[in-house]
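# Report on the structure
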Amino acid sequence: MAQDVFQSPDYYFLDEWLSEEHKLVREATREWVKRAVSPIIEDYAQKAEFPTQLIQGLAEIGAFGPYIPTEYGGAGLDQISYGLMMQEIERGDSGVRSTCSVQSSLVMYPIYAYGSEDQRKKYLPKLASGEFLGCFGLTEPDHGSNPGGMVTHFKDMGDHYLLNGAKLWISNAPYADVAVVWAKNEEGRIHGLIVERGMEGFTTPETHNKWSLRASATGELVFENVKVPKENLLPNKSGLGAPLGCLDSARYGIAWGALGAAMDCYDTALRYSLQRQQFGRPIAGFQLQQKKLAEMITEITKAQALTYRLGQLKNEGRASSAQISMAKRNNVAMASQIARDARQMLGGMGITGDFSIMRHMMNLESVITYEGTHDIHLLITGMDVTGISAFK
Ligand code: TGC
Ligand code: FAD
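The notes below deal with the structure included here. (Residues numbered from 1 in each chain as written. Chains lettered and ligands numbered in written order. Predicted model: local features only at pLDDT ≥ 70, side-chain atom pairs only at ≥ 80, totals over all residues. Heavy atoms only, no water.)

## A look at the pairing of strand β2 (residues 153-156)
Where β2 lies against strand β3 (residues 160-171), four bridges are found, and the strand directions are antiparallel. If you follow D156 over to β3, its bridge partner there is Y161. Taken together, β2 and the strand that follows it, β3, pair antiparallel across an intervening segment of three residues, in which G158 is found at a positive phi of about 95 degrees. (Pairing = 2+ DSSP bridges. Helix = DSSP H or I, 4+ residues; strand = E, 2+ residues; numbered from the N terminus.)

## Description of the site of ligand 2
In the region of ligand 2, 18 residues are neighbours, and F136, T139, S145, W169 and T373 sit closest. The contact in question runs from a nitrogen atom of ligand 2 to an N or O atom on the side chain of T139, over 2.7 Å. Secondary structure elements with two or more residues in the shell around ligand 2: β3 and α10 (374-386). Taken together, the residues that form the shell around ligand 2 break down as nine nonpolar, seven polar and two charged. (Near = heavy atom within 4 Å. Polar contact = N/O pair within 3.5 Å; in protein donor to acceptor, adjacent residues only side chain to side chain. Nonpolar A, V, L, I, M, F, W, Y, C, P; charged D, E, K, R; others polar.)

## What about helix α5 (residues 117-128)?
In a regular helix each residue adds 1.5 Å, so twelve residues correspond to 16 Å; α5 covers 16 Å between its end C-alpha atoms and thus fits that length. Those residues of α5 that fall on the buried side of the exposure criterion are Q119, R120, Y123, L124, L127 and A128. Each buried residue of α5 sits inside an arc of 125 degrees when the element is viewed along its axis, so together they form one side. Of the exposed residues in α5, the ones pointing more than 90 degrees away from its buried face are D118 and K121. Where α5 is buried, its residues contact α2 (54-60), α4 (94-114), β1 (134-137), β4 (178-184) and β5 (190-196). (Expected span 1.5 Å × (residues − 1). Buried < 20%, exposed > 50% of the residue type's maximum accessible area, 1.4 Å probe, protein only. Arc of directions from axis to C-beta. Contact = heavy atoms within 4.5 Å.)

The structure is reproduced here in structure tokens:
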């Protein structure tokens, strides 16, 4: 891929809303992405390999647990800094951001929020430092949008739990040292269990043949009579609201991340269209190309304002699940549309790995599906404004 010369658009001077700390976090993350991610990511995506060498760097920039308190190894930052980090990392690649979302919001967050003090001390510092990689098992082969129907279950055997079932489409699974797994007890109540690699009967086969998120490892979690120690049950929250609470945090990060992918596509298309000559002039001078660019910057600017405001609400503990759904849905759809338009603007070059756009475009097909599909988030908004659930 060509040298990374990304410059972020800020059409409404929204940087003025950011604190010095926010800007420092963003610049440090951007500099690391330019140095560590951009030069290698296309190659790893083409090979469909997970670049494990990035794990240490991600830990060093604080991308594992940005908002987890420092006493547990996290970076102790606010929600806007967390968002800006996700924006910059997904600007590099959605799959790398996925690794961070899973580690921070789907593994560290539940251990921090629902775990015992012993569990926090045992796992969080190792997850923050990258010594441990984690994954989150909610989706099952027959229960994706409807996780409440899950069949993975555990039985109380007196001195341990016996876990059986399977999870599908699990990011990081093939490399994970620990898995936060959601399963039903004998009464049908959902609980979180920390399952460790090496426990007998626990396997993580990799999922191949993806055309999307190729630089992220995806797999299954299979549990065949796995003996889980009793102290591995997350004691402080149960029910479907427990995993959905983690999703709130990850979906929030995705809203920022999608913005990063959109900004990268816009920046690339703008630069290319100013240089590429057809009919004796830069293609940026043609009205149809200007329409695309004008719509892109308008949608990015609207999403920047929406997302920053969501960050403020999140910092104040006032962001509702439905508000987060709206931002995830809007920003991912916006980024997907921009990726498609930007790809067209590059003509034939747009389908090559010389530019990041086609990779973003394909990655966003996963992002629009995971953490709740585009349609599910629309129905969450519908439920919120009408008070009537379309799911029951
Ligand atoms: P429903 O009856 O509405 O709710 C059950 C209980 O959960 C509570 N709740 C929430 N709590 C916290 N945060 C949320 N976002 C919540 N949404 C609901 C709710 O209050 C209730 O609590 P209680 O105490 O009354 O029992 O549940 P439902 O079965 O009707 O389902 C609702 C629906 C469809 C919105 C939900 O199931 C859903 O969001 N489905 C989408 C599934 C999903 O997003 N899966 C993601 C899997 S993980 C993933 O994709 C990781 S990708 C990672 C990466 O690589 O980046
Ligand atoms: P389905 O639920 O079968 O949906 C199929 C279609 O039906 C969708 O268009 C959906 O919108 C629509 N639909 C479903 N229900 C309704 C309804 N009530 N009304 C209208 N339309 C509806 N899961 C994890 O637990 N952990 C992970 O780390 C993880 N990582 C992932 C990584 C990747 C690359 C991918 C692709 C997925 C990942 N997932 C993960 C799973 C992801 O969350 C699910 O794919 C997603 O929730 C959708 O579930 P499904 O694929 O079973 O689709």
